[in-house]
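# Coordinate analysis (summary)
Listed below, chain by chain, are the residues.
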Amino acid sequence: MTRKRYDAHSTEFGLWLREQTEIDSSLGFIATNIDYIWMNYKNGKFMFIEEKRYGSKPAFWQEKLFRMMHEAFKGKENYYGFNLIVFENTNPEDGKMYLNNKEISKNDLIRFLTFS
């Protein structure tokens, strides 16, 4: 079987899920992962982070799930949101980057990651 591009980062279970016709996305079933649950264990501050490379954006169904997650935690003490980091290329060292659609610097990213 020829693997598609998205399979490069899939687990065996993820590949198995995609092969099951009973739970095909055309029937409404979807899955996504959360790239990072970022936390400072000393003070309890936490947030969710979705990372996209090469300027890509979340699919509409990912955004819907992320909004659901955000609403579930909104108002909780020490919750710092569900955030999107988009890299022009692959990381802070090889191009521009955007945090929640605003261009930021590497120093801005460090401040963000330290909850400053």
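Report on the accompanying structure. (Residues numbered from 1 in each chain as written. Predicted model: local features only at pLDDT ≥ 70, side-chain atom pairs only at ≥ 80, totals over all residues. Heavy atoms only, no water.)

This paragraph deals with helix 2 (residues 60-73). An ideal rise of 1.5 Å per residue puts 20 Å on 14 residues; helix 2 measures up with 20 Å between its terminal C-alpha atoms. Gly-75 sits one or two positions beyond helix 2 and adopts a positive phi of about 90 degrees. (Helix = DSSP H or I, 4+ residues; strand = E, 2+ residues; numbered from the N terminus. Expected span 1.5 Å × (residues − 1).)

Another aspect to go through is a nonpolar patch on the surface. On the surface, a cluster of nonpolar side chains totalling about 540 Å² of accessible area is made up of Phe-13, Trp-16, Ile-23, Leu-27 and Phe-29. Among the structural elements, Leu-27 can be located in the loop between helix 1 (12-19) and strand 1 (36-39). (Patch = residues over 30% accessible without salt bridge, like charges linked within 9 Å, V, L, I, M, F, W, Y side chains within 5 Å. Areas by Shrake-Rupley, 256 points an atom, 1.4 Å probe, with all protein chains shown as cover. Salt bridge = Lys/Arg side-chain N within 4 Å of Asp/Glu carboxyl O.)

This brings us to the pairing of strand 3 (residues 79-87). Strand 3 sits mainly inside the fold: eight of its nine residues count as buried. Here strand 2 (residues 46-52) runs beside strand 3; their pairing, made up of six bridges, is parallel. The residue bridging Lys-52 from the neighbouring strand is Val-86, located in strand 3. The parallel pair strand 2 and strand 3, bridged by helix 2, forms a crossover whose chirality is right-handed. Inspection of the sheet shows strand 3 paired to strand 4 (residues 97-99) by three bridges, in the antiparallel sense. Across the sheet, residue Phe-87 finds its bridge partner in strand 4, namely Met-97. (Buried < 20%, exposed > 50% of the residue type's maximum accessible area, 1.4 Å probe, protein only. Pairing = 2+ DSSP bridges. Right-handed = clockwise from strand over helix to strand, strands pointing away.)

Our focus in this paragraph is the sheet that holds strand 2. The strand order across the open sheet formed by five strands is 1-2-3-4-5, and the pairing between neighbours is mixed. The open sheet is flanked by strand 1 and strand 5 (102-104), the only strands paired with a single partner. Strand-to-strand twist of the sheet, defined as the mean angle between neighbouring strand axes without regard to direction, takes the value 35 degrees. (Axes fitted to C-alpha atoms, helices over the stretch in contact; angles between N-to-C directions.)

We now examine the environment of Arg-53. When you line up the elements, Arg-53 lands in the loop between strand 2 and helix 2. A residue is classified by how much of its surface remains accessible, and Arg-53, at 38% relative accessible area, is partly exposed. With 34 residues separating them in the primary sequence, Arg-53 and Phe-87 have C-alpha atoms 4.8 Å apart.

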